[in-house]
4 protein chains.
Amino acid sequence: MLSIAVIGAGRIGQIHARNVVANPRARLAGIADLDADAAARLAQACGTQVISLQVAFEADAVMICSSTSTHAGLIERAAAAGRPVFCEKPIDLSAPRVRMCLMAVRRARIPLMVGFNRRFDPHFAALKRRLSAGEIGRLELLTIVSRDPAPPPPAYVASSGGLFRDMMIHDLDMARFLLGEEPVEVFAAASVLVDPAIGAAGDVDTAVVTLRTAGGALCQISNSRRASYGYDQRIEAHGAGGLLRAGNVTATTVELATGAGFTTDPALPFFLERYAAAYRAELDGFIDALAAGTPPHPGGEDGLRALLLADAATLSASTHEPVTPAGEI
Amino acid sequence: MLSIAVIGAGRIGQIHARNVVANPRARLAGIADLDADAAARLAQACGTQVISLQVAFEADAVMICSSTSTHAGLIERAAAAGRPVFCEKPIDLSAPRVRMCLMAVRRARIPLMVGFNRRFDPHFAALKRRLSAGEIGRLELLTIVSRDPAPPPPAYVASSGGLFRDMMIHDLDMARFLLGEEPVEVFAAASVLVDPAIGAAGDVDTAVVTLRTAGGALCQISNSRRASYGYDQRIEAHGAGGLLRAGNVTATTVELATGAGFTTDPALPFFLERYAAAYRAELDGFIDALAAGTPPHPGGEDGLRALLLADAATLSASTHEPVTPAGEI
Amino acid sequence: MLSIAVIGAGRIGQIHARNVVANPRARLAGIADLDADAAARLAQACGTQVISLQVAFEADAVMICSSTSTHAGLIERAAAAGRPVFCEKPIDLSAPRVRMCLMAVRRARIPLMVGFNRRFDPHFAALKRRLSAGEIGRLELLTIVSRDPAPPPPAYVASSGGLFRDMMIHDLDMARFLLGEEPVEVFAAASVLVDPAIGAAGDVDTAVVTLRTAGGALCQISNSRRASYGYDQRIEAHGAGGLLRAGNVTATTVELATGAGFTTDPALPFFLERYAAAYRAELDGFIDALAAGTPPHPGGEDGLRALLLADAATLSASTHEPVTPAGEI
Amino acid sequence: MLSIAVIGAGRIGQIHARNVVANPRARLAGIADLDADAAARLAQACGTQVISLQVAFEADAVMICSSTSTHAGLIERAAAAGRPVFCEKPIDLSAPRVRMCLMAVRRARIPLMVGFNRRFDPHFAALKRRLSAGEIGRLELLTIVSRDPAPPPPAYVASSGGLFRDMMIHDLDMARFLLGEEPVEVFAAASVLVDPAIGAAGDVDTAVVTLRTAGGALCQISNSRRASYGYDQRIEAHGAGGLLRAGNVTATTVELATGAGFTTDPALPFFLERYAAAYRAELDGFIDALAAGTPPHPGGEDGLRALLLADAATLSASTHEPVTPAGEI
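These figures come from a predicted structure and were not determined experimentally.

Draft legend 1. Structural context of the overall build of chain A. Looking only at helices and strands, chain A has 13 helices and 13 strands in total. Structurally, chain A occupies a C-alpha span of about 55 × 55 × 45 Å along its principal axes. Of all 329 residues assigned to chain A, the portion counted as buried reaches 62%. The contacts of chain A with a sequence gap of at least 6 include a subset with a gap of at least 24, amounting to 71%. Surface accessibility of chain A: about 11600 Å² in total, with carbon and sulfur atoms responsible for 55%. A distance of 4 Å separates the average location of the 30 positive side-chain charges in chain A from that of its 34 negative side-chain charges.

Draft legend 2. View of the pattern of salt bridges. Taken as a whole, this structure holds 92 salt bridges over all chains when the rule is applied. One salt bridge connects D265 of chain C with R130 of chain A, and the closest N-O pair in it is separated by 3.9 Å. Residue D265 of chain C is found in the loop between β13 (261-264) and α10 (271-274), and its partner R130 of chain A is found in helix α6 (residues 122-132); the two belong to separate chains. There is no split in this pair, since D265 of chain C and R130 of chain A are both buried. For E255 of chain A, the salt bridge goes to R245 of chain C, with nearest N and O atoms at 3.0 Å. In this pair, E255 of chain A is assigned in strand β12 (residues 255-258) and R245 of chain C in strand β11 (residues 242-246), connecting two distinct chains. Taking the relative accessible area as the measure of exposure, E255 of chain A reaches 18% and is therefore buried. Salt bridges sharing common partners tie together R119, D173, R176, E182, E301, D302 and R305 of chain A.

Draft legend 3. Layout of the sheet that holds strand β2 (residues 26-32) of chain D. All names here are of chain D. Taken together, the five strands give an open sheet; going across it, the order is β2-β1-β3-β4-β5, and neighbouring strands pair in parallel fashion. Among the strands making up the open sheet, the edge pair consists of β2 and β5 (112-115). Neighbour to neighbour, the strand axes of the sheet diverge by 20° on average, direction disregarded. Two strands pair when backbone bridges link them, and strand β1 (residues 2-7) and β2 are joined in this way by six bridges, in the parallel orientation. Within β2, the position partnered with S3 by the bridge is R27.

Draft legend 4. Seen up close, unusual backbone geometry. Cis geometry marks the peptide bond from K89 of chain C to P90 of chain C, where omega comes out at -10°. Along the chain, P90 of chain C falls in the loop between β4 (85-88) and α5 (95-108). Residues H297 of chain C and P298 of chain C are joined by a peptide bond in cis, for which omega reads -5°. Structurally, the position occupied by P298 of chain C is in the loop between α11 (276-292) and α12 (300-319). One non-glycine residue, R109 of chain A, lies in the positive phi region at around 55°. In this structure, R109 of chain A sits in the loop between α5 (95-108) and β5 (112-115). Phi is positive for H320 of chain B, which is not a glycine, with a value near 60°. Under the relative-accessibility criterion, H320 of chain B is labelled partly exposed at 30%.

Procedures and definitions
- Residue positions are given per chain, counting from 1 as you read along its sequence in written order.
- In the order they appear in the text, chains get letters beginning with A and ligands get numbers beginning with 1.
- It should be noted that, the model being predicted, local features are given only for residues of pLDDT at least 70 and side-chain atom pairs only at 80 or more, the latter also being counted only at that level, while totals for whole chains, interfaces and linings use all residues.
- Hydrogens are left out, water is left out, and the side-chain values use all remaining heavy atoms of the structure.
- Every helix listed is a DSSP run of H or I at least four residues long, and every strand listed is a run of E at least two residues long, numbered separately from the N terminus.
- Classification of residues uses two cut-offs on accessible area relative to the type maximum, computed with a 1.4 Å probe and protein chains only: under 20% is buried, over 50% is exposed, and between them is partly exposed.
- For this analysis, residues touch if any pair of their heavy atoms sits within 4.5 Å.
- Values of accessible area rely on a 1.4 Å probe in the Shrake-Rupley scheme; residue burial ignores everything except the protein chains shown.
- Here the positive residues are Lys and Arg and the negative ones are Asp and Glu; neither His nor the chain ends is included.
- Throughout, a charge is located at the NZ atom of Lys, the CZ atom of Arg, the CG atom of Asp or the CD atom of Glu.
- A side-chain nitrogen of Lys or Arg and a carboxyl oxygen of Asp or Glu constitute a salt bridge if their distance falls within 4 Å.
- One requirement defines pairing of two strands: DSSP has to find at least two bridges between them.
- Lines fitted to C-alpha atoms define the axes here, with helix axes fitted over just the stretch in contact, and angles between the N-to-C directions of these axes take values from 0 to 180 degrees.

In structure tokens, the structure reads:
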């Protein structure tokens, strides 16, 4: 029974804390958060206690769910304490800072897992498994669609690192995961079409990216900060022998037919619903790795590489030039 | 180049006449109809002439598209003239009358084809072909759904022979076509739910039928005189090794996604649209058989057997008892 | 926190026991089973204790998951102990025995819920909700398809009460649930097509039923003891204003396209997977009713009425006559 | 009755000639082709005569279906003869040559239509109509997928002008058609993944393009010279208010369910099947415009603009830089 402390009692911390409680192989050691009220509410809901950061790092493992700017420091503290750590993405918005943090992780030889939850989505995971099993031969064209139901509040945008680092980073990780080789060219085109306030904050809300790998495989990513029909999350892989795709998930299979046509449910509203199973499987993956003594996946390098791709996309969108992502990590 | 005369310039006569014109192996000999205006309009639209019945029976073949009460007499006249004949369903609403007519056909040894157009629908024909090819093994359960978009005018109902002989006869023929053996038990349940005027005319507008074959295969048919979402035409065959089904056809593949969900087109409006290709293929089947000198399918016996099933269903619906359809033909 | 004792450590008892453990409003009081080993295994897996029947009836509520023949007696014992009770379907295979049992329940005024889990399936529940909300107007035609992936062992068949009481009873309850009025005529046709051993045991493995209500609504049910493509569970409701349907559920949305076409997942394998969410919602419904002090649904009368319909169908299948189900309860 | 001469008896000439024969408003004046045998075969199949180019330009209108290198010259000859002309895409592979040709057309004031058949596909045309009707508000993201079933022969590749001018030009026209404004930036990434012989001929077989308009709308196009599952032709438009998409077309609606899952038909094999209705509607559009005396659409400028986009994409793919397409026409 692995004792796990959760740091951060916000939206994503609540998901992980509840999953720890429900997981038969784990025990929730407590909740730590600077906001004492938030910590207390979540602790009570989970039947556990509020703990200090110091006590948190005495648990068998730590899950970092606090705000982005605290991630790298907390990972380093876990390294110092010799504790395995799961950290929500991103490790940091600055690649140099991430590199520094990963050095501490390597020196301390602690297991580090980064929260790219979509790898654990049952639909995308099945697609990956079948791709790896060779069902469509060599992958040639990859298409990833990811559209949020609604734009985030402007205040969030300002500190988010921008659409590419905040939102598309998930798709960039998924591209790496599925392509099986590193992109060598990143081209981005982006616009402000959803909310002028996002543009005023220096960010974009609609973006497409093209990735090319050394082997010639091509990938197209499409992001928007709005989708009237729910959280739009789709992947399509075209290979020499066929096509594999994973579509949106709906709440029910119910269909209504009238003179207007046949209508099914919209896509699930947002990540809490769409990725509920993914978060549970992600926790299982973390526990599996710790139990087996093998490095958890995705790890720190994955976190860094996705960030470097997001950096390249950010640069490309502003320069209107394709960018070669930094290769050394 | 087969010369074909079309008798009857109504809705179905128009379909067949135009298909004869467009068929590269046939020539439209002319249009005969008691209603001289209707005949003239259709003849002009098809670039042909109005002809008398007598001249019609001088063509290489005759298509009977006139009102039901005239079918048997015209078939007999074709027999007397030694002309191959295609007749719209049903041959007659009275089984004894049909038997008499078929005797004339047999004596004259003329080819007779009956217009069960759905056998030629590309979707249902493909289902039949794959069923016969053994894709799902032995057929165990057959489901046929057939719902009209809107009820016919009460005046039509009165002379239609009732829902089972007018509408479900198509599904009963399809059941025979797919089951590959004769039903030995027919049970019908019917209601007046759509239009009280239909009930006042002594008919029903909503009906379900169960068929059982000697081999134990079961078939369920569902009919309604209304469907807000178009002309609902579906078949599902469940066998020892799997399921084959053919669904509704839509005008386009366009799908709209909004907060209300994902909406595709309704089903095609009615038989003119849904079975346009079937009518063309039916004509090809008729010409093929004449060219090959083989009996056309479905033939007179198929017309009679479907009527006997419709008679059995009509009786069952009124007696609330299962009925064994007449076997001798 | 409601303490719930689970009686019966078999397949269905395991589902309910685990759901009680996971339910934040309930506490698992213990497991009772004549098979001490089975009880011990389940108790350990759930972190609870093996208890005697006597102790079980001291819990706040009891869930009866033992073999069918014990249900009625255990419900009566719950009545005697004044305990709210959830009982798996059926209450008993004999209607007189069920009536006697329900009398005891009424006299003791204990809440009784019967395990028709499909009412709680999110897909079917949404269909019911939208039907009740009037989305398609008055219900005219109802179609229920229910096909097991594979036949049960012959030994099970012998004591099952037959396909209608064992398997179709779920569909008969669903028909009552959706029709909103009682069927007044039941006609069944059944065959042995899957396994001769089932026929040798006096049962059937393939069956269709037609129901008619006093209001004229019609319902078709189709059952088979095999379906190569998974557990086939579908409902289609056709009303004056349109059609509502709920389809099969698949493990993933992944689709493979090759020269053979576009292939999606088969249906989920069987009830454990398909109705996992339904069993959780069913438990919530039970707890809700106890908390509110209102009668739980479906209740004892629902259990009896579904059995009376199954009795009518069984009789109809053997006599080849439609049967009016017993009305008084 | 418009007399139309068809120049070119190859694959596409055969389609247009047969459609002219079947069109009630047109008459096939004859077939002209340098290959006398090909001309004779097609003329016979269409019940018309072989004619010289000179005679062809005496018809009411001319359809140019000969090889690409002859298009511009033949259009100019039509201009000299004052004949309305339909020309298969592209007008020429060289933009300066196209400009020169269009000057002749403008001077002669003859109607010129260019064969971008996909605009007339019922599915894409419906999508365009609904987009224009405002069903999803302002268009923000457009995705076009176009994959051929198999690569063309290497000999064809050499003279094709390359994938962007030969294949993607259709998608670039469709992008202009749907976006409703001109792309101002074109970025292409391309690979040789299907057939090394294509690479040896200096072309690519797999390519993606990003378009950006002045208004900020973004478009992604994906092309491959192979698709094991048929001719893959899809469009998806994402707007402020929702999503509209048009999918692949299949031969039938038949679906097979087995343990492997639910399998529908592959996409229609290639353009002859997929765009059969589009070619007919395209001819109707041409005749409509001539009858109304209005300029046919798409016209010469559309042909030039699509070529300029293809030129920009070709350049971008080789320089790895985004390209601003030439604006003046």
